[in-house]
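Chain by chain, the residues:
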Amino acid sequence: SQPRGFNTIRSHWCCYMVLGVEWEGQPVFALDMLGFGRSSRPIFSGDAKEAEEQFVQTLEDWRKAEGLEHMILLGHDLGGYVSTAYALKYPH
């Protein structure tokens, strides 16, 4: 499948790697965050902590659905925040 993301960031992916290849034998995924790009448009809680949990839980649900035991997360801006929140909740 074609990696997707923020249009301003997509160009960075193209400059630094050839999309669709593996990195050191591992698959590379470029994900849209909830509400961005081609992702669904869920209704978020007005409470910041609950909205954070919604982002984190969706990422954990995706990891399980992909069958990934471990993963390395990289994020930019809000994606960096969500990656950090995820790592704090799921340090494995």
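Residues numbered from 1 in each chain as written. Predicted model: local features only at pLDDT ≥ 70, side-chain atom pairs only at ≥ 80, totals over all residues. Heavy atoms only, no water.

A. Region of the structure containing the environment of lysine 89. Looking at the element boundaries, lysine 89 is found in helix H3 (residues 78-89). When near neighbours in sequence (up to four residues on either side) are disregarded, lysine 89 contacts Glu53, Val56 and Gln57. Within polar-contact distance, the side chain of lysine 89 engages the side chain of glutamate 53 at 2.6 Å. (Helix = DSSP H or I, 4+ residues; strand = E, 2+ residues; numbered from the N terminus. Contact = heavy atoms within 4.5 Å. Polar contact = N/O pair within 3.5 Å; in protein donor to acceptor, adjacent residues only side chain to side chain.)

B. Spatial organisation of the pattern of salt bridges. Taken as a whole, this structure holds three salt bridges when the rule is applied. The shortest N-O distance in the salt bridge between glutamate 52 and lysine 49 comes to 3.1 Å. With glutamate 52 and lysine 49 both in helix H2 (residues 48-66) and three residues apart, the pair spans about one turn of that helix. Owing to a relative accessible area of 18%, glutamate 52 belongs among the buried residues under this scheme. A relative accessible area of 57% means that lysine 49 is categorised as exposed. Residues arginine 63 and glutamate 60 are paired through a salt bridge, measuring 2.7 Å at the closest nitrogen-oxygen approach. In this pair, arginine 63 and glutamate 60 are both assigned in helix H2, three residues apart and thus about one turn of the helix distant. (Salt bridge = Lys/Arg side-chain N within 4 Å of Asp/Glu carboxyl O. Buried < 20%, exposed > 50% of the residue type's maximum accessible area, 1.4 Å probe, protein only.)

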